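# Structural overview
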Amino acid sequence: MRVWRGMLLSHCAVLLTLAGCSKAPEPVAPAAAPTADTATSSQPSEAPATSEPPAESGLAIKRGIVTLAPDRASFRPCGEQKDLLLVDQTDGVLKREFSGEKDANGADQGLKLYIEAYGERAINQPAPEGFAGTFLLEEALFAAPDGQTRGCDSPPQDYIVAARGNEPFWGAEVTEAALLWRQPEDPKEISIAAPQTQDSEGAVSYVAANPEHKIELLIEAQACRDDMSGEYFAYSARATLDGKKYTGCARIGSRSF
């Protein structure tokens, strides 16, 4: 799963940064004085050729609005004003999961979805007229009809993963510092520092405990639909609070890569 690979790359990046900061700067050798030959024969160097703009990181979560029309799909990244042609490299998950839904502006309009996804802008792939480029959709992490959530109006979520479920209602959030549990009844909020993390094939588990409570959270690479809101999640969640079991869906945050 890309999210777990991204977490490992993040840890490696931190280690490399620390290693780089701990090294003293190496002295720079003085430049050699020009010889007579080089002084008389030097010519102005040619300007380097313009390089292609760097591709966006495929590990970064992309947010924006997808429009699913009968003949094609488009993607407008949050904060931008132009659409990109969407090339769906998944198994058609968005069309499949939202096939029975109509856009709020009318049945003849393409369905608009707010999504969070892995993917990248194609640099050298031409797009049809009317599109600013091409976006390659690799994995849809979260999707909901546009207007149902705050979507692009909300900032990227500063957590590793968040999970929630219904009846009984519960929510859990994993950050770099703690595992936070929320529920309607007392205790309404529990925060336990330094959760332990364990990776396995297709899943990641988090465990945090203090003298009063123990929270266990398992995130699995299994698609999930919220049975009340209809929102789509690429990951499902199972949780245990002090022996009581809960189920729900999970959403990956910006700290997961």
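All of the points below concern the structure found in this document.

The rules behind the values
Residues numbered from 1 in each chain as written. Predicted model: local features only at pLDDT ≥ 70, side-chain atom pairs only at ≥ 80, totals over all residues. Heavy atoms only, no water. Helix = DSSP H or I, 4+ residues; strand = E, 2+ residues; numbered from the N terminus. Buried < 20%, exposed > 50% of the residue type's maximum accessible area, 1.4 Å probe, protein only. Areas by Shrake-Rupley, 256 points an atom, 1.4 Å probe, with all protein chains shown as cover. Phe/Tyr/Trp six-rings, centres within 6.5 Å; stacked < 30°, edge-to-face > 60°. Disulfide = S-S within 2.5 Å. Pairing = 2+ DSSP bridges. Core = buried A, V, L, I, M, F, W, Y, C linked by side-chain atoms within 4.5 Å. Contact = heavy atoms within 4.5 Å. Axes fitted to C-alpha atoms, helices over the stretch in contact; angles between N-to-C directions.

### Details of the overall build of the protein
- Helices and strands together make up the secondary structure of the protein, namely three helices and 16 strands.
- Here the protein holds 257 residues, and 38% of them are scored as buried.
- Accessible area of the protein: about 15400 Å², with a carbon and sulfur share of 53%.

### Section: the packing of aromatic side chains
- Overall, the coordinates contain six aromatic pairs when judged by the stated rule.
- Seen from their ring centres, W170 and W181 are 5.2 Å apart, and the 15° between their planes marks the pair as stacked. Of this pair, W170 sits in strand β7 (residues 170-174) while W181 sits in strand β8 (residues 178-182), and the two are 11 residues apart along the sequence. For the pair formed by W170 and W181, the shared burial category is buried.

### So, the state of the cysteines
- In the structure shown here, the tally under the stated rule is two disulfides.
- C78 shares a disulfide with C152; S-S distance 1.9 Å. Because the torsion about its S-S bond is -75°, the bridge between C78 and C152 counts as left-handed. With C78 in the loop between β2 (73-77) and β3 (84-88) and C152 in the loop between β5 (134-145) and β6 (161-165), the pair connects residues that are 74 residues apart, well separated along the chain.
- Here C78 falls in the partly exposed class, since its relative accessible area comes to 23%.

### Structural notes on the pairing of strand β4 (residues 111-122)
- The element β4 is largely enclosed, with a buried count of nine among its 12 residues.
- Here strand β1 (residues 62-68) runs beside β4; their pairing, made up of seven bridges, is antiparallel. Residue pairing across strands places I65 opposite Y114, the latter belonging to β4.
- Pairing between β4 and β5: 10 bridges, direction antiparallel. From the neighbouring strand, A117 faces β5, where its bridge partner is A140.

### Here we look at the nonpolar core
- The biggest cluster of nonpolar side chains holds 45 residues, and the ones touching the most others in it are L94, I115, W170, W181, Y206, L217 and I219.
- Excluding its chain neighbours within four sequence positions, the residues that come into contact with I115 are K62, R63, G64, V66, F75, L94, L137, F142 and A143.
- Residues I65, Y114, A144 and C224 belong to the second largest nonpolar core, which totals seven residues.

### A short note on the sheet that holds β7
- Strand order in the open sheet formed by nine strands is β9-β8-β7-β6-β16-β15-β12-β11-β10, and the pairing between neighbours is antiparallel. The sheet is open, and its two edges are formed by β9 (189-193) and β10 (196-200), each paired on a single side. When the angles between neighbouring strand axes are averaged without regard to direction, this sheet yields 20°.
- Where strand β12 (residues 214-220) and strand β15 (residues 235-241) come together, six bridges link them in antiparallel fashion. Bridge pairing in β15 places L217 opposite A239.

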